[in-house]
Every structure is written in structure tokens, then in C-alpha cells.
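# Overview (structure and organization)
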Amino acid sequence: MKFSRFFHAQAKTPRQLPLGRPSRRGALTVEVAICLPILITFLFACYEIAHANMLMHATESAAYEAARIGIVPGAKPDKIRNAAAFVLNSVGVRNFTLTMTPDPITTKTNSVKIVILVPFRGNTSVSQMFVRDPTFRGQCELTRETL
């Protein structure tokens, strides 16, 4: 019978407040309801800015890697495109446009210029409805190696 007093339900009484102070019941709920959407929006914005930064740097890196393949004697356009695709696919880029100048690389070619365009709208998931259509441009021009 000693433990029966611990299990006995006690009637809860309302908290006594000093005179003149209003009750703050529900204040935390209202504060969370106001602040949580702002916090979540801020977190998604940070994620999208970081993703855009990653796409920008990957585009530049892919242009450089493709140009490195293009300056080697006997380079084929398919190998150049595959080098760029390897870098861009590693960061999740689904579609891109590669322009090579001059298009057929010959033995008399002095330099190779690669331009890669990556549309932001087709390579992200969250902000497709918020972004008009920026395109990231990666460009690299390297002097051709000779034998």
C-alpha cells in the first residue's frame, strides 16, 4: 500500500500567475508557426545557391577537361564530348550543349576552344518554378600540342 500514493491521480490546478500578468499559453506554438516556414525557406535557398555554385564550377571544369582531350594529336569529337560528360554527369547534370572550335580538329589546328552551356532549369529540382532560365557557361581555350 506504500506505492499507492504514487499512482494516485492528482487533480491538476491551473497555474497561478501574479496579478496583472497575462497567460502565455500557446505562445510557443505561434512563434514556431511564424518562424518555421521562414527557416525552411532559408534552408532551401541555401541549398539552391550551393547547387548553382556547384553547377557553375562543374561547367568550367568540364570545359577544361574537354579542351585537354582536344589538344592531344588525333583527338576525336566523341572523346571530347565524353570527357565533358564524365565531369558533368558526376554532379548530376542531365543535359548540356558542347561547342568545339574548330569543329574538325586537323593537324594544322593551333588552338582548341570548348564552350559548354548548362541550363539551370533542366538540372535542378526545387527552384524550377522560381528561376526564369539562366544558363551556366564554361569556356576554355588551350594551345594544341604538336609532335
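Coordinates for the structure precede this section.
Residues numbered from 1 in each chain as written. Predicted model: local features only at pLDDT ≥ 70, side-chain atom pairs only at ≥ 80, totals over all residues. Heavy atoms only, no water.

Looking now at the packing of helix 2 (residues 27-70) against helix 3 (residues 77-90). Look at helix 2 against helix 3: their axes get within 8 Å of each other, and the N-to-C directions meet at 155°. Here helix 3 runs roughly antiparallel to helix 2, going by the angle between their axes. The handedness of the crossing between helix 2 and helix 3 is right-handed. Residue-level inspection shows Ala58, Thr59, Ser61, Ala62, Glu65, Ala66, Ile69 and Gly70 of helix 2 in contact with helix 3, the latter providing Lys79, Ile80, Ala83, Ala84, Val87 and Leu88. Grouping the amino acids of the contact of helix 2 with helix 3 by side-chain chemistry returns nine nonpolar, three polar and two charged. (Axes fitted to C-alpha atoms, helices over the stretch in contact; angles between N-to-C directions. Helix = DSSP H or I, 4+ residues; strand = E, 2+ residues; numbered from the N terminus. Parallel < 35°, antiparallel > 145°, perpendicular 65-115°, else oblique. Left-handed = near helix turned anticlockwise from the far one by under 90°. Contact = heavy atoms within 4.5 Å. Nonpolar A, V, L, I, M, F, W, Y, C, P; charged D, E, K, R; others polar.)

Right, let's talk about a nonpolar patch on the surface for a bit. Together, Leu28, Val32, Leu36, Leu39, Ile40, Phe42, Leu43 and Phe44 give the surface a local cluster of nonpolar side chains, amounting to about 790 Å² of exposed area. You can see Phe42 is positioned in helix 2. (Patch = residues over 30% accessible without salt bridge, like charges linked within 9 Å, V, L, I, M, F, W, Y side chains within 5 Å. Areas by Shrake-Rupley, 256 points an atom, 1.4 Å probe, with all protein chains shown as cover. Salt bridge = Lys/Arg side-chain N within 4 Å of Asp/Glu carboxyl O.)

Residue Pro102 is reached from Thr101 by a cis peptide bond, and omega for that bond is -5°. On the secondary structure map, Pro102 appears in the loop between strand 1 (97-101) and strand 2 (111-119).

This paragraph deals with helix 2. Its 44 residues give helix 2 an end-to-end C-alpha distance of 64 Å, which sits within 8% of 64 Å, the value for a rise of 1.5 Å per residue. Remark: the principal bend of helix 2, roughly 30°, maps to Cys35, with a proline, Pro37, within the next four residues. Buried within helix 2 are the following residues: Ala27, Glu48, His51, Ala52, Leu55, Ala58, Thr59, Ala62, Ala63, Ala66, Ala67 and Gly70. For helix 2, the elements touching its buried residues are helix 3, strand 1, strand 2 and strand 3 (135-143). (Expected span 1.5 Å × (residues − 1). Bend = angle between axes of the 7 residues up to and from the residue. Buried < 20%, exposed > 50% of the residue type's maximum accessible area, 1.4 Å probe, protein only.)

This part is about the nonpolar core. Ile80, Leu88, Phe96, Ile114 and Ile116 are the most contacted members of the largest nonpolar core, which totals 25 residues. Here this core takes seven residues from helix 2, the largest share from any one element. In contact with Leu88, other than residues within four places in its own chain, are Ala58, Thr59, Ala62, Val93, Phe96, Ile116 and Val118. (Core = buried A, V, L, I, M, F, W, Y, C linked by side-chain atoms within 4.5 Å.)

Judged from the five bridges that link them, strand 1 and strand 2 form a sheet pairing that is antiparallel. When the sheet's bridge partners are listed, Met100 is paired in strand 2 with Ile114. Bridging between strand 2 and strand 3 involves nine bridges; their strand directions are antiparallel. Residue pairing in the sheet places Pro119 in a bridge with Thr135 of strand 3. (Pairing = 2+ DSSP bridges.)

Our next topic: the environment of Gly138. Looking at the secondary structure, you find Gly138 in strand 3. In sequence terms Gly138 and Val115 are 23 residues apart; their C-alpha atoms lie 5.7 Å from each other. Once residues lying within four places of it in the same chain are set aside, the contact partners of Gly138 are Thr59, Glu60, Ala63, Ile114, Val115 and Ile116.

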